[in-house]
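Results of the structural survey
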Amino acid sequence: MGKVAVGVAALAACAVAGVVVGRRVRSRRKWKRVVGVLKELEEACETPVGRLRQVVDAMAVEMHAGLASEGGSKLKMLLTFVDHLPTGSEIGTYYALDFGGTNFRVLRVQLGGRRSLILSQDVEQQPIPQHLMTSTSEDLFDFIASSLKQFVEKEENGSEPSSVRARELGLTFSFPVRQLSIHSGILIKWTKGFSIEDMVGKEVVGLLEAALVRSGLDMRAAVLVNDAVGTLALGHYDDADTVAAVIIGTGTNACYLERADAIIKCQGHLITSGCMAVNMEWGNFWSSHLPRTSYDIDLDLESPNPNDQGFEKMISGIYLGDIVRRVILRMSQESDIFGPVSSRLSIPFILQAPLLAAMHEDDSPELKEVDKILKETLEISEVSLKVRKLVVRICDVVTRRAARLAAAGIAGILKKIGRDGSGGVAGGRSRSDPEMRRTVVAIEGGLYTRYMMFREYLHEALNEILGEDVAQHVILKVTEDGSGIGGALLAAANSSSGVDNVQLL
Ligand code: ADP
Ligand code: MG
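Residues numbered from 1 in each chain as written. Chains lettered and ligands numbered in written order. Predicted model: local features only at pLDDT ≥ 70, side-chain atom pairs only at ≥ 80, totals over all residues. Heavy atoms only, no water.

In the nomenclature of an unreviewed UniProt entry, the protein chain corresponds to Phosphotransferase from the organism Salix viminalis. Of the comments in the UniProt record for the protein chain, the one headed Subcellular location (unreviewed entry) reads "Mitochondrion outer membrane". (UniProt positions renumbered as here; feature names shortened; annotations may be inferred.)

What follows is about the overall build of the protein chain. In terms of helices and strands, the protein chain carries 15 helices and 13 strands. The buried share of the protein chain, taken over its 505 residues, is 54%. Counting contacts in the protein chain only where the partners sit at least 6 residues apart, residues at least 24 apart contribute 72% of the total. With an accessible surface of roughly 21,400 Å², the protein chain has 53% of that area assigned to carbon and sulfur atoms. (Helix = DSSP H or I, 4+ residues; strand = E, 2+ residues; numbered from the N terminus. Buried < 20%, exposed > 50% of the residue type's maximum accessible area, 1.4 Å probe, protein only. Contact = heavy atoms within 4.5 Å. Areas by Shrake-Rupley, 256 points an atom, 1.4 Å probe, with all protein chains shown as cover.)

What follows deals with the environment of G283. Relative to the elements of secondary structure, G283 occurs in the loop between β11 (275-279) and α6 (294-301). Looking at G283, the relative accessible area reads 1%, which means it is buried. Along the primary structure G283 and M314 are separated by 31 residues, whereas in three dimensions their C-alpha atoms are 9.2 Å apart. Among all residues touching G283, those that are not within four sequence positions of it are T252, Q309, G310, F311 and E312.

Below, the discussion takes up the sheet that holds strand β12 (residues 439-444). The strands that make up a sheet pair up through hydrogen bonds in the backbone, lying either parallel or antiparallel. With mixed pairing, six strands are arranged side by side in an open sheet as β1-β11-β10-β9-β12-β13. A strand with exactly one partner marks an edge of an open sheet, and here the two such strands are β1 (78-79) and β13 (474-478). As paired strands, strand β9 (residues 242-248) and β12 are joined by five bridges and run parallel to one another. Across the sheet, A244 pairs through a bridge with V441, a residue of β12. On top of the sheet, helix α13 (residues 452-466) reaches β9 and β13; it is set at about 160° to β13, its chief contact. (Pairing = 2+ DSSP bridges. Axes fitted to C-alpha atoms, helices over the stretch in contact; angles between N-to-C directions.)

So, about the side chain of D239. Within the secondary structure layout, D239 lies in the loop between α5 (227-238) and β9. Overall, the relative accessible area of 8% leaves D239 in the buried class. Within polar-contact distance, the side chain of D239 engages the side chain of K477 at 2.8 Å. (Polar contact = N/O pair within 3.5 Å; in protein donor to acceptor, adjacent residues only side chain to side chain.)

Buried within helix α9 (residues 353-360) we find A353, L356, A357, M359 and H360. The buried residues of α9 occupy an angular sector of 165° when projected down its axis, which confines them to one face. In the core, the buried residues of α9 are packed alongside α8 (317-334), α10 (368-376), α11 (385-416), α12 (446-450) and α13. (Arc of directions from axis to C-beta.)

Time to look at the environment of L140. Structurally, L140 is set in helix α3 (residues 137-156). Note: C-alpha distance between L140 and I196 (56 residues apart in sequence) is 8.9 Å. Residues within four places of L140 in sequence aside, it is in contact with F99, L132, S135, W190, I196 and M199.

See below:
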């Protein structure tokens, strides 16, 4: 080989090396940018125990304000008129409708009259047809009534109901309702993607009963509750130490038992048992101590209800995947580690909570599930293991924050009612008080029951906030189908047929 040829070869080699080095430098720079986005997210989502305690205090303070006067807080603290919870002495067959987030359930429960004896329960579930979510109240309730009628006919198999009295029903309707009595209430607003304008401001049970009449079904609604109150009812039926209930599913909410004298805005209403379940509508809680990111701000601005349901938008199943989607979109726009920006990343709510959980909990060494979901749902293919790990990290940051904030909310309720070991806002009990009472919080909702990492982070945070000594007295209990069965139990406890209503507390 001549000198010239050697020189050319050397030059070419240098050029190739130069290209490789240049590419590496560029790729390192891009990676650095992505790591910067992640760092920013991690910092903005930080929830050290000190910050969680500020959220706990804010929750307790807002609860006070919401109880003092209508509009006193973003927490509505709605009266439920539920001042008797089922005790176990209820007898008979009751129906329930559970109408909330994603699914619609009809139930029939037979009660045996001894503590916690449910002789049988049948549940039928179906998704709420998308078009009914934005139709008219008449369409919606005709659909509900006809589903219920079919269910009743199947259950009773053509036979006459065993007693002469009309069938009684508990309606679990999980949207903000201003109760007028235990069996009537006015829809304040829609949440969770529903928007049936003619129904806002209308009395809910009247609309259902009119549809029942149209369908020819002989049934009356004995109670109108929401999922949290239903869950509290089943929780209390199973375990009399149950003081609160929390829903963490498509949306999030909580209710708890409050002393009548603490419900200042309730004065004038007769509460015979000395306390009442209060529906907090905690999805609307807000505090400057909540760790908010630019993704939360964008999600809120682009939602149909900006400035509303701020706590819910950081916690519940319908939103978590969308926060993660927004972070991946930003990273994808700032670098090409995800390849060309996938148009799927711009579709709101494309990444649902079960997918988020599947990626987060992927324990395969190659993160195959992450790879599959990126490919199939987001149309992002061929990313390195390093990038897949990054996606898992994003899921972890977003879910951990949500779970820890939910824990702070629960601790806020415990603080308000003096079950957090500090003696409550009124003071008195010391943290190490051996007399700390066993305290049960009933929980329902797919995000909590089906997402193990979420559940573990929530438990961990509650232990951190309360401290081991107190946390050992606090039990979080899952109540399967509590929202629906609890509705039936409350129908029984408040039935016109007269049940042995043992008073609360
Ligand atoms: P609803 O809130 O409609 O009454 P659920 O309590 O069953 O229904 O909760 C369903 C919600 O729970 C879903 O919208 C989703 O956000 C969340 N979810 C369901 N399954 C899972 C899962 N495997 N992992 C994470 N979240 C889940
Ligand atoms: Mg539900």
